[in-house]
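One letter stands for each residue in the lines below.
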Amino acid sequence: MSRESRVLSIQSHVVHGYCGNKSAVFPLQVLGIDVDFINSVQLSNHTGYTTIKGQILNENDLKELFDGLKANNLDTIYTHLLTGYVSNDEFLREIAKIIKALRAVNPDMIYVCDPVMGDNGRMYVEKSLLPIFRSEIVPLCDICTPNQFEVELLTEQKINNEDDAWKGMMWFHEKGVKTVVLSSSDIGGPKELIALLSTKKSSGEYEKYKIVIPQKNIFLTGTGDLFAALFLAHSTRLPNDLKTAFEQTIASVQSVIEVTIDSMREEFRSGKVKPNAQQRELKIIQSKKYIESPVIKLHAIRID
């Protein structure tokens, strides 16, 4: 891109811990990308804690904030829009209006959508969001980074193996999405996670890659939000080398996970004692060097 990259990020915010914008903004800034952000919700902490307090932004609040940007011609500065957790239907529809408005002033604006709806078989948004994602949001995406469960929700097809996963990703391509990244899935062997990338080239052919990831025996919140932000950054820097962008994204996410686990006491790492939500918060700040300079250990395999 000829202009300097600048992201508008619309997703959740927590006062304590890391998910949503707290997981996305710092890594983007570390990688040299300016970020303006709107918090779809502002919560005391993520939903892994016993008690959650805070505020939810509604569609009118979102419109007012964006109208303020437009009034100052600031809608013209964004090269990317990144979206994540959204809690209600009309807020999501307002995002669709913002996408179209940003593209009206910058047709090259790239929209990166992390369709945050659930994980591990559990939805944590209202089911009414699903048809809006399917018909109004996904067709506007340039890049989409769902997890396995979110692909299953959107396509209404269960993923039992790698062929199912590629078919699910093709659904996104058929909706008009250029690049689809399945950020995680459990279709690998024992103690393995599989990440997949598929991008449609100008020739109409598809370039596909797979990375096999050793599974860590711990659940961490905010890794999907981190993944989407990192892939945005690396794919912007390497638009013609998505294989490396994919590898760098996985490398940094895995490093953050490793630093987080290593920071825990031995009884938590060994599984003798189950860590609580606070002890499982991502160590993103402590992982700064791995975000700036990813150490690639897991290489992408080209799939023909």
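Where an unreviewed UniProt entry is consulted, the protein chain appears under the name Pyridoxal kinase, with the organism given as Chironomus riparius. Check the Sequence similarities (unreviewed entry) section of the UniProt entry for the protein chain; it says "Belongs to the pyridoxine kinase family."

Undergrad: Please give an account of the overall build of the protein chain that cites residues and values.
TA: Broken down by element type, the protein chain carries 10 helices and 12 strands. Scaling as 2.2 N^0.38, a compact globule of 304 residues should have a C-alpha radius of gyration of about 19 Å, and the protein chain matches this with 18 Å. For the C-alpha atoms alone, the extent of the protein chain along its principal axes is close to 55 × 50 × 35 Å. Per-residue burial for the protein chain yields a buried fraction of 51% across its 304 residues. Considering only contacts in the protein chain between residues 6 or more positions apart, those separated by 24 or more positions represent 69%. Only carbon and sulfur atoms are counted for the fraction: they give 48% of the accessible area of the protein chain, which is about 14,100 Å².

Undergrad: I'd love a proper account of the UniProt feature "domain: Pyridoxamine kinase/Phosphomethylpyrimidine kinase" (unreviewed entry) in the protein chain, names of residues and values included.
TA: The feature "domain: Pyridoxamine kinase/Phosphomethylpyrimidine kinase" (unreviewed entry), as given by UniProt, occupies residues 79-260 in the numbering adopted here. For residues 79-260, the helix share is 45%, the strand share is 20%, and the end-to-end C-alpha distance is 32 Å.

Undergrad: Any details on the pattern of salt bridges? Residues and values, ideally.
TA: For side chains of opposite charge, pairing can occur when their charged atoms come near one another. Within this structure, the stated rule accounts for 13 salt bridges. Notably, a salt bridge pairs D36 with R6, separated by 3.1 Å at the nearest N-O pair. Of this pair, D36 sits in strand β2 (residues 34-43) while R6 sits in strand β1 (residues 6-14), placing them 30 residues apart in sequence. Judged by its relative accessible area of 24%, R6 falls in the partly exposed class. Measuring nitrogen to oxygen at the nearest pair gives 3.1 Å for the salt bridge that ties E136 to R93. Of this pair, E136 sits in helix α4 (residues 129-137) while R93 sits in helix α3 (residues 89-105), and the two are 43 residues apart along the sequence.

Undergrad: Account for the packing of α3 against α4, naming residues and giving values.
TA: Contact pair α3 / α4: the axes reach a minimum separation of 10 Å and the direction vectors enclose 10 degrees. Relative to α4, the element α3 lies roughly parallel. Residue-level contacts link D89, L92, R93 and A96 of α3 to L129, I132, F133, E136 and I137 of α4. Of the residues that constitute the contact of α3 with α4, the class distribution is six nonpolar, no polar and three charged.

Undergrad: Lay out the packing of helix α1 (residues 21-30) against helix α7 (residues 223-237) in plain terms, naming residues and giving numbers.
TA: Two elements in contact, α1 and α7, have axes separated by 8 Å at closest approach and are oriented at 25 degrees. The pairing of α1 with α7 is recorded here as roughly parallel in orientation. In this structure, α1 meets α7 at a crossing whose hand is right-handed. On α7, the residues that touch S23, A24, P27 and L28 of α1 are D225, L226, A229, L230, L232 and A233. Here the contact of α1 with α7 is composed, by residue class, of eight nonpolar, one polar and one charged.

Undergrad: Describe the layout of surface pockets, naming the residues involved and giving the relevant values.
TA: The computed volume of the largest pocket comes to approximately 1,500 Å³. Residue lining of the largest pocket: 49 residues in total, with D119, N120, F219, L220 and T223 positioned closest to the centre. The class makeup of the residues in the lining of the largest pocket is 19 nonpolar, 20 polar and 10 charged. By volume, the second largest pocket is sized at about 520 Å³. If you list the elements that add at least two residues to the lining of the second largest pocket, you get β10 (192-200) and α7. In terms of residue count, α7 provides more of the lining of the second largest pocket than any other element does, three residues in total. A per-class count over the lining of the second largest pocket returns seven nonpolar, seven polar and seven charged.

Undergrad: Residue-level account of helix α5 (residues 148-155), with values.
TA: Within α5, eight of the eight residues are buried, leaving the element largely enclosed by the surrounding structure. Residues of α5 that are buried include every one of Q148, F149, E150, V151, E152, L153, L154 and T155, and no others. Tucked inside the fold, the buried residues of α5 contact β6 (118-119), β7 (122-123), α4, α6 (162-174) and β9 (179-182). Where α5 starts, the residue carrying a side-chain oxygen 3.1 Å from the main-chain nitrogen of F149 turns out to be N147.

Reading the values: the criteria
Residues numbered from 1 in each chain as written. Predicted model: local features only at pLDDT ≥ 70, side-chain atom pairs only at ≥ 80, totals over all residues. Heavy atoms only, no water. UniProt positions renumbered as here; feature names shortened; annotations may be inferred. Helix = DSSP H or I, 4+ residues; strand = E, 2+ residues; numbered from the N terminus. Rg over C-alpha atoms; globule rule 2.2 N^0.38 Å. Buried < 20%, exposed > 50% of the residue type's maximum accessible area, 1.4 Å probe, protein only. Contact = heavy atoms within 4.5 Å. Areas by Shrake-Rupley, 256 points an atom, 1.4 Å probe, with all protein chains shown as cover. Salt bridge = Lys/Arg side-chain N within 4 Å of Asp/Glu carboxyl O. Axes fitted to C-alpha atoms, helices over the stretch in contact; angles between N-to-C directions. Parallel < 35°, antiparallel > 145°, perpendicular 65-115°, else oblique. Nonpolar A, V, L, I, M, F, W, Y, C, P; charged D, E, K, R; others polar. Left-handed = near helix turned anticlockwise from the far one by under 90°. 1 Å grid on protein atoms, 1.4 Å probe; cavity = no way out; pocket = protein on both sides within 12 Å on 5 of 7 lines; lining within 4 Å. Points joined across faces, edges and corners; volume = space filled by probe spheres on them. Polar contact = N/O pair within 3.5 Å; in protein donor to acceptor, adjacent residues only side chain to side chain.

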